[in-house]
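# Structure at a glance
Residue-level listing of the chains:
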Amino acid sequence: KEFIRIELGDKKLFLLSNREPYMHIKEGENIKCVVPAGGLVTALDPVMKACDGVWIAHGAGDADREVVDREDKIRVPPEKPSYTLKRVWLTKEEEKKYYYGFSNEGLWPLCHITYVRPVFRKEDWIEYQRVNEKFANALLDEIKDEDSPLVLVQDYHLALVPLLIKQKRPDAKIALFWHIPWPNPEVFGICPWAREILIGMLGADLIGFHIQFYCNNFLDTVDRFLESKIDWEHFSIERRGQITTVKPFPISVSFEDFSDNVENKAKLKVKLIKELGIKAEYIGVGVDRIDYTKGILERFLGIERFLEKYPQFIGKFSFVQFGSPSRTHIKQYREIMDAVEEVADRINWKFQSNNYKPIVFLKGYHPHSKIIPFYKIADLCMVTSLHDGMNLVAKEFIASREDESGVLILSQFAGASRELKDAVIINPYDIESIADAIYDALTMDEDEKMERMRKMRSFIQERNIYRWTRDLIASLVRL
Ligand code: GDG
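Residues numbered from 1 in each chain as written. Predicted model: local features only at pLDDT ≥ 70, side-chain atom pairs only at ≥ 80, totals over all residues.

For the protein, an unreviewed UniProt entry supplies the name Trehalose-6-phosphate synthase and the organism Thermodesulfovibrio autotrophicus.

## A word on the sheet that holds strand S16 (residues 380-383)
With respect to topology, six strands assemble into an open sheet ordered S15-S14-S13-S16-S17-S18, the strand pairing being parallel. Only two strands of the sheet have a single partner each, and these edge strands are strand S15 (359-363) and strand S18 (424-426). Across this sheet, the average inter-strand angle for adjacent strands is 20 degrees, counted without regard to direction. Two strands pair when backbone bridges link them, and S16 and strand S17 (residues 407-411) are joined in this way by four bridges, in the parallel orientation. Following the sheet pairing, Leu-380 is matched in S17 by Val-407. Along the sheet, helix H15 (residues 431-443) makes contact with strand S13 (282-289), strand S14 (317-324), S16, S17 and S18, crossing S18 at roughly 170 degrees. (Pairing = 2+ DSSP bridges. Helix = DSSP H or I, 4+ residues; strand = E, 2+ residues; numbered from the N terminus. Axes fitted to C-alpha atoms, helices over the stretch in contact; angles between N-to-C directions. Contact = placed C-beta atoms within 7 Å.)

## Remarks on the sheet that holds strand S7 (residues 150-154)
Taken in spatial order, the ten strands of this open sheet run S5-S6-S4-S1-S7-S8-S9-S12-S11-S10, and their pairing is mixed. Looking along the sheet, the strands with just one partner apiece sit at the ends: strand S5 (73-76) and strand S10 (229-231). Recorded for the sheet is a direction-independent mean angle of 20 degrees between the axes of neighbouring strands. Sheet topology places strand S1 (residues 13-16) next to S7; four bridges connect them, and they run parallel. Looking at S7, one finds that Leu-13 is bridged to Leu-150. Sitting on the sheet, helix H2 (residues 39-51) touches S1, strand S4 (54-58), strand S6 (83-88) and S7, and the angle it makes with S1 is about 160 degrees.

## Remarks on helix H13 (residues 368-377)
Listed in full, the buried residues belonging to H13 are Ile-371, Phe-374, Tyr-375, Lys-376 and Ile-377. In this fold, the buried residues of H13 make contact with helix H10 (265-276), S13, S14, S16 and helix H14 (392-400). (Buried ≥ 20, exposed ≤ 12 C-beta atoms within 10 Å, placed from the backbone.)

## Quick look at the site of the ligand
Near the ligand there are 26 residues, and of these Gly-39, Thr-42, Ser-324, Gly-389 and Met-390 occur at the shortest range. Elements with a minimum of two residues in the shell around the ligand: H2, S13, S14 and H14. Ranked by residue count, the leading element in the shell around the ligand is H2, at four residues. Grouping the constituent residues of the shell around the ligand by class yields 13 nonpolar, nine polar and four charged. (Near = placed C-beta within 6 Å. Nonpolar A, V, L, I, M, F, W, Y, C, P; charged D, E, K, R; others polar.)

## Some points on the pairing of strand S2 (residues 23-27)
As defined by bridge partners, S2 adjoins strand S3 (residues 30-34) across five bridges and the pair is classed as antiparallel. Considered in S3, the bridge of Ile-25 is made with Lys-32. The turn linking S2 back onto S3 is made up of two residues, and Gly-28 within it adopts a positive phi angle of 65 degrees.

## Focus: the packing of H10 against H13
Contact geometry of H10 with H13 gives a least axis separation of 9 Å together with a crossing angle of 120 degrees. Viewed along their axes, H10 and H13 adopt a mutual orientation that is oblique. The way H10 lies across H13 gives a crossing that is left-handed. Side by side, H10 and H13 meet where Lys-265, Leu-268, Lys-269 and Leu-272 of the first sit next to Pro-373, Phe-374, Lys-376 and Ile-377 of the second. Here the contact of H10 with H13 is composed, by residue class, of five nonpolar, no polar and three charged. (Parallel < 35°, antiparallel > 145°, perpendicular 65-115°, else oblique. Left-handed = near helix turned anticlockwise from the far one by under 90°.)

## Things to note about the nonpolar core
Among the nonpolar cores identified, the biggest contains 148 residues, and Cys-381, Ala-394, Leu-408 and Ile-409 are the most heavily contacted of them. If we ignore the near neighbours within four places in the chain, the residues touching Leu-408 are Cys-381, Ala-394, Phe-397, Ile-398, Leu-420, Ala-423 and Val-424. (Core = buried A, V, L, I, M, F, W, Y, C linked by C-beta atoms within 7 Å.)

## Focus on the confidence of the model for the protein
Reading predicted coordinates in detail is not appropriate for stretches of low pLDDT. On average, residues of the protein carry a pLDDT of 96, and 100% of them reach 70 or more. Confidence estimates for the predicted assembly give a pTM of 0.97 and an ipTM of 0.99. (pLDDT = per-residue confidence, 0-100.)

## Some points on the pairing of strand S11 (residues 236-239)
Of the strand pairs in this sheet, S10 and S11 are connected by three bridges, and their pairing is antiparallel. Directly across from Asp-231, in S11, lies its bridge partner Ser-236. The hairpin turn running from S10 into S11, its antiparallel successor, is four residues long, and Phe-235 in that turn takes a positive phi close to 50 degrees. Here S11 runs beside strand S12 (residues 242-248); their pairing, made up of four bridges, is antiparallel. Its bridge partner being in S12, Ile-237 is matched across the sheet by Thr-244.

## Some points on unusual backbone geometry
Note the cis peptide between Val-76 and Pro-77, where omega equals -10 degrees. Inspection of the secondary structure puts Pro-77 in the loop between S5 and S6.

## Quick notes on the environment of Glu-2
Structurally, Glu-2 can be placed in helix H1 (residues 2-8). Owing to 9 C-beta atoms within 10 Å, Glu-2 belongs among the exposed residues under this scheme. Sequence separation of Glu-2 and Leu-164 is 162 residues, and the distance between their C-alpha atoms is 32 Å.

## Describing helix H4 (residues 92-111)
Of all the bends in H4, the greatest, near 40 degrees, is centred on Ser-103. Counted residue by residue, H4 has 14 buried out of 20 residues, so it is predominantly covered. (Bend = angle between axes of the 7 residues up to and from the residue.)

## Some words on the packing of H4 against helix H5 (residues 122-142)
Orientation of H4 relative to H5, taken along the N-to-C sense of each, is 110 degrees, at an axis distance of 8 Å. Classed by the angle they form, the pair H4 and H5 counts as roughly perpendicular. Contacts between H4 and H5 involve Glu-94, Lys-97, Tyr-98, Gly-101, Phe-102, Ser-103 and Gly-106 from the first element and Glu-123, Asp-124, Trp-125, Glu-127, Tyr-128 and Val-131 from the second. Of the residues contributing to the contact of H4 with H5, the split by class is five nonpolar, three polar and five charged.

## Details of the environment of Pro-46
Note on placement: Pro-46 falls in helix H2. Residue classification places Pro-46 among the buried positions, given that 20 C-beta atoms sit within 10 Å. Residue contacts for Pro-46: discarding those within four places in its chain leaves Ser-254, Asp-257 and Ile-465.

This is the structure we're talking about:
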């Protein structure tokens, strides 16, 4: 954290994202503050807590307007205010077209190769541009008295913001971080406004992706669609006098937030299993927003195949799936939610007896304080994404294992698999490989588990979210 402060000097950090880190919602007469589920918030809230600054985001909670001041600001987190959250208000229509429409029915499936067809509508694009202007204006207002402010724009919802800021404030140092994969030029070219998106992004001085592969795809895409000078050696793009550097910054978690010690793990395991009302000897865990990219169905089918193939584990192995509903106004999300429940029910019906249940599906939002104990006692954690920019659940699980045990089963299509070579790597399209990975994890000897976990822990401990931020800011200020 100290290194970030050194890099920042006397500068404040300005961060923009669609999702807010704290959301106020009504609960009867009271107002409750929750941390929305999602990787961006998990990663960036500790950073803002450590270095103060202003985070600008969409106020989506039904009580958000009731708690802000006249400038739409509030200090957060409520229990220990350490930075400013400024809320941007969107109308229902804007949210529908900019967020659900263009961002999540268009760009999200476009960038993830999961064979869900992206939908691009002219009216969504118009609203996307307007809302990007709204965010840019909120930021411009905020930085009017700052000299060469440092601005971190987050994610695919705000692709046009970098240029909108740069045009008005050429002195601003702008980084854009893209949290999801970047596809090849053929795929990106499906978007009717591919050029406009690229031009908007190239207002940034620095564009970050999780891994080199996405950077390569991005440069290829720019090369295909725009007149520009690309320096392939330094990974920079020059267009109309503006230079943009493109670099990988693999995102991570705040290791210390997950790594507190559990005194008696065996006791905790017994307690948690009892609370679930089931009988089991081995526990697996999964934590996801319910999203078709996360491969939750494939994971359940893998568990079914595992129990068919290795029946000695029937009655012994239970998988606990935390599933937080997400983007439920979109048809594919409602469908995947129903499908996940249906498949879990079907598999449970097939194998359950007395108090045994192979899949415990905990649908709904759960605070991290409920999830982390399961990370700590689980015999294995499963991340089976069909495609995923990074995946922070994998890193949270590792950070939680101060006992240096537990096995991570990880999809080869998650960015995290490029770093976590000691996980059991699987192809989620190959159900057999998931089944065998579960078997291998449950029968792996303690020494091997420890050796793998130890290596992955020392990696995550060092390459934590503070290191990510320091690297990003250092690259930005040195450009
Ligand atoms: C995007 C990219 C990239 C999940 N359910 C609950 C809950 N979660 C938390 C997890 C974790 C986060 O949400 C999910 O992070 P991921 O990284 O797995 O995925 P995305 O939300 O898709 O994030 C991803 C990330 O951005 C960062 O760049 O890694 O590739 O898709 O922190 O713990 N948290 C709570 N309740 C839940 O029910 N509290």
